[in-house]
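Structure assessment
Spelled out from the first residue to the last, the chains are:
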Amino acid sequence: DGQSRHALFLLAPLQAVPGVVQLQLVQQSVRQLSISVVCATGGDWGQVRRALIEIAQSLLGGDMRIEAIRVRAIPCEPSGKVRAVISHCRPGHVV
């Protein structure tokens, strides 16, 4: 719907999905979101992926294009911290 939302609005429910070890949200545009996911060893990636996309769609709306990408690790910033959210949108046009 184009409204700005706090990151925890989306992060908390996504991190609660069984099989998610770590994730990072990358907003590519106003209508496109990528979720990079470290999945638990032995986790059912297909099930985790479907759950993440369904939750994100329900919270952000059906016009948001969402993809979940399985990764081995999420890279740290030079500070040693992992950024949970990266937005490539201008202020006022974020998740």
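Residues numbered from 1 in each chain as written. Predicted model: local features only at pLDDT ≥ 70, side-chain atom pairs only at ≥ 80, totals over all residues. Heavy atoms only, no water.

A few points about the side chain of Ser34
Looking at the secondary structure, you find Ser34 in strand β2 (residues 32-39). Residue class for Ser34 comes out buried when judged on its relative accessible area of 4%. Here the side chain of Ser34 touches Glu67 through a polar contact of 2.7 Å, side chain to side chain. Excluding its chain neighbours within four sequence positions, the residues that come into contact with Ser34 are Gln24, Leu25, Val26, Gln28, Glu67 and Ile69. (Helix = DSSP H or I, 4+ residues; strand = E, 2+ residues; numbered from the N terminus. Buried < 20%, exposed > 50% of the residue type's maximum accessible area, 1.4 Å probe, protein only. Polar contact = N/O pair within 3.5 Å; in protein donor to acceptor, adjacent residues only side chain to side chain. Contact = heavy atoms within 4.5 Å.)

Looking at the nonpolar core
If you look at the biggest cluster of nonpolar residues, it comprises 20 residues, and the most contacted ones within it are Leu23, Leu25, Leu33, Ile35, Leu52 and Ile66. Elements with a contribution of two residues or more to this core: α1 (8-15), β1 (20-29), β2, α2 (45-60) and β3 (65-70). For this core, the element with the most residues is α2, which contributes six residues. The contact partners of Leu25, leaving out residues within four places of it in the chain, are Leu10, Leu11, Leu14, Leu33, Ser34, Ile35, Ala84, Val85 and Ile86. (Core = buried A, V, L, I, M, F, W, Y, C linked by side-chain atoms within 4.5 Å.)

Bear in mind that shape data such as this cannot, by itself, settle questions of function.
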